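# Structural overview for review
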Amino acid sequence: MSLKKYEVVIVGAGISGAALAYELARYTDIKSIGIIEKYEDVATLNSSGTSNSQTIHVGDIETNYTLDKAAVTKRTAKMVEKYCLQYHYQNELIFSHQKMALGVGEKEVEFLLHRFEEFSKLFPYLEVWDKERLKELEPRVVLDENGNDRPENIVGIGAKDQWTTVDFGKMAKSLIENAQKQEGKTVEVFFNSQVKSIEKNEAKGHIVHTEDEEFYADFVVVDAGAHSLFLAHQMGYGHNLGCLPMAGSFYMTNERMLNGKVYMIQNPKLPFAALHGDPDVLADQNTRFGPTALVLPKLERYKSGTYMDFWKTLRLDKNIIIALWKLLKEKDIRKYIFRNFLFEVPLLNKHLFLKDARKIVPSLQLDEFRYAQGFGGVRPQVLNKDEQKLMLGEASIDPGTGILFNMTPSPGATSCLGNAERDLRTIVKYLGKKFDEELFNDELTEGEYCVLPEPLESQKARVNLIRAEIARTHEKFHENYTLSGK
Ligand SMILES: Cc1cc2nc3c(=O)[nH]c(=O)nc-3n(C[C@H](O)[C@H](O)[C@H](O)COP(=O)(O)OP(=O)(O)OC[C@H]3O[C@@H](n4cnc5c(N)ncnc54)[C@H](O)[C@@H]3O)c2cc1C
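The present account deals with the structure reproduced in this document. (Residues numbered from 1 in each chain as written. Predicted model: local features only at pLDDT ≥ 70, side-chain atom pairs only at ≥ 80, totals over all residues. Heavy atoms only, no water.)

## Points about the site of the ligand
Close to the ligand lie 39 residues, the nearest being Ser-16, Glu-37, Ser-47, Thr-408 and Thr-414. In this structure, Ser-410 approaches the ligand through a side-chain N or O atom, which is 3.5 Å from a nitrogen atom. Take Gly-412: an N or O atom from its main chain is 3.2 Å from an oxygen atom of the ligand. For the ligand, whose free accessible area comes to 1000 Å², the fraction covered by protein is 98%. A breakdown of the residues in the shell around the ligand according to their chemical character gives 14 nonpolar, 21 polar and four charged. (Near = heavy atom within 4 Å. Polar contact = N/O pair within 3.5 Å; in protein donor to acceptor, adjacent residues only side chain to side chain. Areas by Shrake-Rupley, 256 points an atom, 1.4 Å probe, with all protein chains shown as cover. Nonpolar A, V, L, I, M, F, W, Y, C, P; charged D, E, K, R; others polar.)

Okay, structure coming up:
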């Protein structure tokens, strides 16, 4: 068996591995990169366009993001946008839709208005849309099945003319192709090559074993989704972590029901994104609702096997049971898990889902949507045994020995170039290589691509008008109530 040698070997050709290969090839003096991928193509699992919601999560309409988190995601999300625009991928793999967070009922409306005041400095392009404006922009969010306005107060905090949507599968392919085009660099991809084990080489670096081949690397990065933790455990790393695979499914409508992305307000007790409706760029822009969230005892959706890998990666023990118990103790989470389980039960699922989705589209009918078979993926959520709790967001293991392991639940596709930058910095430091930070910053960071709408002050005036309108409705209600003698 011949040994193939590279300075860096990346395990996994999803969007994370592809982004790292691109950045190493373009912005460092690393000359040889090998990418080892289990399946026959780039991005067949979670990074595929049909597996995720195709959303660039900037932090402006994701109501579970704090201002600090939004500031970080904004930077990494902009990298995706800048990369796509640099190569002129507009309307090929990056798309623009209007987008909004929708508040329904007074509590949510006030929550969003308050959030707008807090977040509009970071996102000056955000606009406030009342019912009348929403009727023009997103009529199905306002009108009921009889064509009348829905009875609840609603408000949208959103934006137009922003890059909102990416086919992350196509983007992953482009990243590898562009990495291969860098002059003087070797970037080779090995498909149908499952990494079985990785061992530390005696002198330096690591040996990566597949069924048929062996690879030597000065540095290894494992970007294999949930299997990153599987391979880390195998090497004796990350035993304080376990993986809880959360599958996400979708429901597809028969038409373009929504003009843009409509996100609901997140229940802060729930660790997963609230239901949203998105135009699917791979399905004629028809609206796709979801994702749901269901614990699945396997690491890969729509692929055979990986049940044993699930148990090995969970590393079930007392601490994991306590972490799960802490989750289930919360009534809202229990209800959410049970309901999401029912979303997978044929026949019943559509009826239940209809009720939830009607919060976005009040006139939605059963015959207007179907369970999107073959869509969805698995979010490798990480359980921290030391803290006995579910970690939100991404996790990375760096033993400091020239190997990294990354687990990337949502919004891992949006943060692919940001995560790659973090890993790139570790790699060049470890190997004593050069990083062309100026070119990197010039091409991938900063820059404002948005067209600012009305000035902030007039937006804020609209917030006050909406509040005044709510107050007037209250007063009128009380007047009528008193007059009717109740
Ligand atoms: C339902 C859902 C909705 C989502 N929506 C969004 C969204 O709107 N926006 C967003 O930013 N993110 C979203 N995400 C998250 C996003 O899809 C992931 O974070 C991202 O795709 C992870 O990319 P990755 O390359 O790390 O992993 P993957 O895409 O899972 O790729 C891992 C790769 O490693 C390979 N591999 C695994 N084991 C081995 C091995 N032993 N040897 C060789 N290769 C191996 C796999 O075959 C695969 O190609 C969503 C995820 C889900 C499930």
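## Observations regarding the sheet that holds strand β4 (residues 127–129)
Taken in spatial order, the eight strands make up an open sheet running β4-β5-β3-β12-β13-β14-β11-β16, and their pairing is mixed. A single partner strand is all that each edge strand has here, and the edge strands are β4 and β16 (369–371). Within this sheet the neighbouring strands show an average axis-to-axis angle of 25°, counted without direction. In this sheet, strand β14 (residues 287–290) lies alongside strand β13 (residues 276–279) in antiparallel orientation, the contact comprising four bridges. (Pairing = 2+ DSSP bridges. Helix = DSSP H or I, 4+ residues; strand = E, 2+ residues; numbered from the N terminus. Axes fitted to C-alpha atoms, helices over the stretch in contact; angles between N-to-C directions.)

## Some words on the layout of surface pockets
Roughly 750 Å³ of volume is contained in the second largest pocket. Taken together, 25 residues form the lining of the second largest pocket, with Asn-267, Leu-270, Tyr-336, Arg-339 and Asp-356 sitting closest to its centre. For the lining of the second largest pocket, the secondary structure elements donating two or more residues are α10 (331–342) and α11 (348–357). Looking at the lining of the second largest pocket element by element, the count peaks at seven residues for α10. The class makeup of the residues in the lining of the second largest pocket is 14 nonpolar, four polar and seven charged. (1 Å grid on protein atoms, 1.4 Å probe; cavity = no way out; pocket = protein on both sides within 12 Å on 5 of 7 lines; lining within 4 Å. Points joined across faces, edges and corners; volume = space filled by probe spheres on them.)

Read these as spatial facts, not as claims about activity.
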